[in-house]
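Structural description and commentary
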Amino acid sequence: MDIVIRNLEEFNKYIRVCQKKQYDNLSEDGKFDKNVFRGQADKDWRYIPKLFRKKGWYDNEALMREEITQKNAEQFVDLDPFKILAKMQHYGAPTRLLDFTFNPFIALYFACSDETQKNKDGSVVLCRITMFKEKELTLEIFLQKAFINRQTTLMKVNADSLQPFFQSAGVVGVIPEANNDRIKNQEGCFALFTYSGEYAEVFNPIEGNDCIKEKMIIPSECKQNILKELEQYYNINEAFVYPELEYQIKAICKKY
């Protein structure tokens, strides 16, 4: 059942309620299950990575990745496949990563801050996802479609047993190394979509596998006031969420 949140006080209260709830385990004994949050400016948007929103992007995933990395080789030197994908995500490329955060207030910021959707009701979801630290997984296995030219021995040996998994709709939670200020400030993590079959309009493991445990609706008319409250009480604003220089300058200019 969706709940309507109109201000920061209501959000605080409901998050405390959620923290006391016991959700079903996804992994064995729930050892790797984490509560993560995502804010979206339009409550009706699907919870799916940018790559899967256009057939042309999905069908040409490897070609896009190759062209981006070749034309900007100095930006991707010595990076492993997952870090390449994370960096592409950072700069807005269509990837199979979906951003989440461990901080519900960061998710609330994203639900309210998109000026292009200011007249739309936003949402914050609490998802229960099995999360692993970046170093705990051989992530190249999950990126075989994006990195066709980097088929490792591990992938080749296990190809037959892995293929059914890749053809199904699956998702793996990844906690990245906090190697830049944006990830640190946003307390960011990712859901990595593992699907490698034919393009499909309907599949979505986030929506279809009972990952979404709570959904909070943010009425459009409440967004601006919530942004002011987030800045006043938590110092969460554009300059904090995006610590790069261009956003620092943009935030300062907004004051005047």
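Please refer to the structure higher up on the page.
Below: a short report on this structure. (Residues numbered from 1 in each chain as written. Predicted model: local features only at pLDDT ≥ 70, side-chain atom pairs only at ≥ 80, totals over all residues. Heavy atoms only, no water.)

Moving on, we come to the environment of asparagine 204. Its place among the elements puts asparagine 204 in the loop between β6 (188–193) and α10 (205–208). Once the C-alpha coordinates of asparagine 204 and isoleucine 48 are considered, the two residues, 156 residues apart in sequence, prove to be 6.8 Å apart. Ignoring any residue separated from it by four or fewer positions in sequence, one finds asparagine 204 in contact with Arg46, Tyr47, Ile48, Phe193 and Asn209. A polar atom in the side chain of asparagine 204 sits 3.0 Å from the backbone nitrogen of isoleucine 206. (Helix = DSSP H or I, 4+ residues; strand = E, 2+ residues; numbered from the N terminus. Contact = heavy atoms within 4.5 Å. Polar contact = N/O pair within 3.5 Å; in protein donor to acceptor, adjacent residues only side chain to side chain.)

Turning next to the side chain of serine 123. Topologically, serine 123 is positioned in strand β4 (residues 122–133). In this structure serine 123 comes out as buried when scored by relative accessible area, which is 0%. Looking at serine 123, its side chain comes within polar contact range of the side chain of tyrosine 47, at 3.1 Å. Excluding residues within four positions of it along the chain, serine 123 makes contact with Arg38, Gly39, Gln40, Asp42, Lys43, Tyr47, Ala111, Lys215, Met216, Ile217 and Ile218. (Buried < 20%, exposed > 50% of the residue type's maximum accessible area, 1.4 Å probe, protein only.)

If you look at the biggest cluster of nonpolar residues, it comprises 25 residues, and the most contacted ones within it are Phe11, Leu108, Val124 and Leu230. When contributions to this core are tallied by element, the ones reaching two or more residues are α1 (8–19), α6 (104–113), β4, β7 (212–218) and α11 (223–234). In terms of residue count, the dominant contributor to this core is α6 (7 residues). Those residues within four positions of phenylalanine 11 in sequence are excluded, and the remaining contacts are Ile5, Pro104, Phe105, Leu108, Val124 and Met216. Judged by nonpolar contacts, the second largest core, of 19 residues, contains Val36, Ile48, Phe193 and Ile206. (Core = buried A, V, L, I, M, F, W, Y, C linked by side-chain atoms within 4.5 Å.)

Attention now goes to unusual backbone geometry. Residues other than glycine predominantly adopt negative phi, and peptide bonds predominantly adopt the trans conformation. In this model, aspartate 78 sits at a positive phi of 65°, which is unusual for a non-glycine residue. Structurally, aspartate 78 is set in the loop between α4 (73–76) and α5 (81–90). Taking the relative accessible area as the measure of exposure, aspartate 78 reaches 77% and is therefore exposed. We note that glutamate 187 has phi near 50°; this positive angle belongs to a residue other than glycine. Inspection of the secondary structure puts glutamate 187 in the loop between α9 (181–186) and β6. Relative accessible area serves as the criterion here: at 36%, glutamate 187 is assigned to the partly exposed category.

With that settled, the discussion passes to empty space enclosed by the protein. Considering all chains together, one arrives at 1 cavity of 30 Å³ or more under this definition. The computed volume of the largest cavity comes to approximately 30 Å³. Every residue along the wall of the largest cavity is listed here: Leu51, Glu61, Met64, Arg65, Leu85, Met88, Pro94 and Thr95. Contributions of two or more residues to the lining of the largest cavity are made by α3 (61–71) and α5. Ranked by residue count, the leading element in the lining of the largest cavity is α3, at 3 residues. Looking at the lining of the largest cavity residue by residue, the classes come out as 5 nonpolar, 1 polar and 2 charged. (1 Å grid on protein atoms, 1.4 Å probe; cavity = no way out; pocket = protein on both sides within 12 Å on 5 of 7 lines; lining within 4 Å. Points joined across faces, edges and corners; volume = space filled by probe spheres on them. Nonpolar A, V, L, I, M, F, W, Y, C, P; charged D, E, K, R; others polar.)

Within α6, 8 of the 10 residues are buried, which leaves the element mostly enclosed by the surrounding structure. Taken residue by residue, α6 has Pro104, Phe105, Ile106, Ala107, Leu108, Tyr109, Ala111 and Cys112 as its buried positions. Where α6 begins, one side-chain oxygen reaches toward the backbone nitrogen of phenylalanine 105, 2.9 Å away; that side chain belongs to asparagine 103.

Moving on, we come to the packing of α1 against α6. Contact geometry of α1 with α6 gives a least axis separation of 11 Å together with a crossing angle of 140°. As judged from the angle between their axes, α1 and α6 are oblique. Crossing hand, α1 versus α6: right-handed. Where α1 approaches α6, its residues Leu8, Phe11, Asn12 and Ile15 are matched on the opposing element by Pro104, Phe105 and Leu108. (Axes fitted to C-alpha atoms, helices over the stretch in contact; angles between N-to-C directions. Parallel < 35°, antiparallel > 145°, perpendicular 65-115°, else oblique. Left-handed = near helix turned anticlockwise from the far one by under 90°.)

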